[in-house]
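Observations on chain architecture
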Amino acid sequence: MSKRCLLTIARQELTRAAHAPQGRSERVLVGEEGRSRLSILALRPDVSAVQLDQPWTVQVLAGRIRVQHGSVVSVGYPGDLIVGPAGGSLWSGGDCVVLLSLEHRAAPGTEMAMSAS
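A brief structural summary. Just so you know, these numbers come straight off a predicted model, no measurement behind them.

Looking at unusual backbone geometry
- One non-glycine residue, D46, lies in positive phi territory at about 60°.
- Relative to the elements of secondary structure, D46 occurs in the loop between β2 (37–43) and β3 (48–52).

A short note on the side chain of S89
- You can see S89 is positioned in strand β8 (residues 88–92).
- Those residues in contact with S89, other than ones at most four positions away along the chain, are V50, Q51, L52, R66, V67 and Q68.

Considering the environment of C96
- Inspection of the secondary structure puts C96 in strand β9 (residues 96–102).
- Owing to a relative accessible area of 1%, C96 belongs among the buried residues under this scheme.
- Residues C96 and L61, 35 residues apart in the sequence, show an inter-C-alpha distance of 7.5 Å.
- With near-sequence residues (within four places) excluded, C96 lies in contact with L14, L41, A42, L43, A62, G63, R64 and I65.

Let's talk about the pattern of salt bridges
- On inspection of all chains with the given rule, the structure shows five salt bridges.
- Residue E13 is joined to R27 by a salt bridge in which the shortest nitrogen-to-oxygen separation is 3.0 Å. With E13 in helix α1 (residues 6–19) and R27 in strand β1 (residues 24–31), the pair connects residues that are 14 residues apart, well separated along the chain.
- The exposure class of E13 is buried, given its relative accessible area of 0%.
- In this structure, the salt-bridge partner of E26 is R24, at a minimum N-O distance of 3.5 Å.

Here is what the cut-offs are and how they apply
- Residues numbered from 1 in each chain as written.
- Predicted model: local features only at pLDDT ≥ 70, side-chain atom pairs only at ≥ 80, totals over all residues.
- Heavy atoms only, no water.
- Helix = DSSP H or I, 4+ residues; strand = E, 2+ residues; numbered from the N terminus.
- Contact = heavy atoms within 4.5 Å.
- Buried < 20%, exposed > 50% of the residue type's maximum accessible area, 1.4 Å probe, protein only.
- Salt bridge = Lys/Arg side-chain N within 4 Å of Asp/Glu carboxyl O.

Spelled out as C-alpha coordinates, the structure:
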(Lines give C-alpha, C1' and ligand atoms only; values in the text may rest on other atoms or scores of the structure.)
Protein backbone atom coordinates (compact mmCIF):
# COMPACT_ATOMS: atom_id res chain seq x y z
CA MET A 1 0.00 0.00 0.00
CA SER A 2 1.22 3.51 -0.69
CA LYS A 3 -0.12 6.97 -0.01
CA ARG A 4 0.50 10.05 -2.16
CA CYS A 5 -0.78 13.61 -2.01
CA LEU A 6 -2.39 14.29 -5.39
CA LEU A 7 -2.43 18.05 -4.84
CA THR A 8 1.33 18.12 -4.21
CA ILE A 9 1.99 16.02 -7.31
CA ALA A 10 -0.39 18.25 -9.28
CA ARG A 11 1.58 21.37 -8.32
CA GLN A 12 4.87 19.69 -9.24
CA GLU A 13 3.57 18.58 -12.63
CA LEU A 14 2.13 22.02 -13.40
CA THR A 15 5.57 23.54 -12.71
CA ARG A 16 7.14 20.95 -15.04
CA ALA A 17 4.54 21.69 -17.73
CA ALA A 18 5.35 25.41 -17.51
CA HIS A 19 8.94 24.64 -18.50
CA ALA A 20 8.19 21.92 -21.06
CA PRO A 21 8.32 22.92 -24.74
CA GLN A 22 5.07 21.09 -25.47
CA GLY A 23 3.32 22.69 -22.46
CA ARG A 24 2.42 19.45 -20.74
CA SER A 25 3.72 17.04 -18.13
CA GLU A 26 2.51 13.61 -17.08
CA ARG A 27 3.39 11.38 -14.15
CA VAL A 28 2.15 7.80 -14.17
CA LEU A 29 1.00 6.83 -10.69
CA VAL A 30 -0.14 3.26 -11.36
CA GLY A 31 0.33 1.00 -14.39
CA GLU A 32 2.48 1.48 -17.46
CA GLU A 33 2.33 2.20 -21.20
CA GLY A 34 0.28 -0.40 -23.04
CA ARG A 35 -1.61 -1.37 -19.89
CA SER A 36 -4.37 0.23 -17.85
CA ARG A 37 -2.90 3.20 -16.02
CA LEU A 38 -3.65 6.14 -13.76
CA SER A 39 -1.66 9.34 -14.17
CA ILE A 40 -1.62 13.02 -13.35
CA LEU A 41 -1.55 15.20 -16.44
CA ALA A 42 -0.73 18.92 -16.22
CA LEU A 43 -1.38 21.23 -19.17
CA ARG A 44 -0.61 24.84 -20.01
CA PRO A 45 -3.28 27.05 -21.65
CA ASP A 46 -4.64 25.96 -25.04
CA VAL A 47 -2.69 22.70 -25.20
CA SER A 48 -4.29 19.92 -27.20
CA ALA A 49 -3.09 17.18 -24.97
CA VAL A 50 -4.33 13.75 -25.59
CA GLN A 51 -6.08 11.60 -28.14
CA LEU A 52 -7.96 9.19 -25.90
CA ASP A 53 -7.83 5.93 -27.86
CA GLN A 54 -8.93 3.77 -24.93
CA PRO A 55 -11.89 4.02 -22.53
CA TRP A 56 -11.03 6.81 -20.06
CA THR A 57 -12.00 8.83 -17.03
CA VAL A 58 -10.81 12.34 -16.21
CA GLN A 59 -11.14 13.95 -12.79
CA VAL A 60 -10.31 17.64 -12.86
CA LEU A 61 -8.05 18.62 -9.95
CA ALA A 62 -7.34 22.23 -10.98
CA GLY A 63 -8.26 24.54 -13.84
CA ARG A 64 -10.64 23.87 -16.71
CA ILE A 65 -10.59 21.26 -19.47
CA ARG A 66 -12.61 20.49 -22.56
CA VAL A 67 -13.21 16.92 -23.66
CA GLN A 68 -14.67 16.08 -27.05
CA HIS A 69 -16.01 12.75 -28.28
CA GLY A 70 -17.47 13.00 -31.78
CA SER A 71 -19.77 16.02 -31.78
CA VAL A 72 -20.25 15.98 -27.99
CA VAL A 73 -18.17 18.48 -26.00
CA SER A 74 -17.99 18.59 -22.22
CA VAL A 75 -16.23 21.21 -20.08
CA GLY A 76 -14.83 20.08 -16.75
CA TYR A 77 -14.04 22.13 -13.64
CA PRO A 78 -12.31 21.14 -10.36
CA GLY A 79 -14.12 18.23 -8.80
CA ASP A 80 -15.79 17.09 -12.05
CA LEU A 81 -15.46 13.49 -13.17
CA ILE A 82 -15.96 12.84 -16.88
CA VAL A 83 -16.15 9.27 -18.23
CA GLY A 84 -15.90 8.37 -21.89
CA PRO A 85 -15.43 5.57 -24.37
CA ALA A 86 -12.41 5.19 -26.64
CA GLY A 87 -12.02 7.98 -29.16
CA GLY A 88 -11.94 11.38 -27.50
CA SER A 89 -9.71 14.42 -27.25
CA LEU A 90 -8.69 16.54 -24.28
CA TRP A 91 -7.74 20.27 -24.34
CA SER A 92 -6.75 22.66 -21.59
CA GLY A 93 -8.77 25.81 -20.96
CA GLY A 94 -5.90 27.40 -19.02
CA ASP A 95 -3.41 25.92 -16.60
CA CYS A 96 -5.04 22.68 -15.53
CA VAL A 97 -4.31 19.36 -13.86
CA VAL A 98 -6.33 16.18 -14.25
CA LEU A 99 -6.24 12.67 -12.89
CA LEU A 100 -6.43 10.55 -16.05
CA SER A 101 -7.35 6.88 -16.06
CA LEU A 102 -6.96 4.86 -19.27
CA GLU A 103 -8.35 1.35 -19.56
CA HIS A 104 -6.25 -0.92 -21.73
CA ARG A 105 -8.23 -3.46 -23.68
CA ALA A 106 -6.43 -6.40 -25.23
CA ALA A 107 -6.99 -7.04 -28.92
CA PRO A 108 -9.47 -9.85 -29.61
CA GLY A 109 -7.82 -13.25 -29.29
CA THR A 110 -4.94 -11.93 -27.16
CA GLU A 111 -6.63 -12.06 -23.74
CA MET A 112 -4.78 -14.07 -21.14
CA ALA A 113 -6.68 -17.13 -19.93
CA MET A 114 -7.00 -17.54 -16.19
CA SER A 115 -6.85 -21.01 -14.74
CA ALA A 116 -7.65 -22.29 -11.29
CA SER A 117 -4.72 -23.85 -9.50
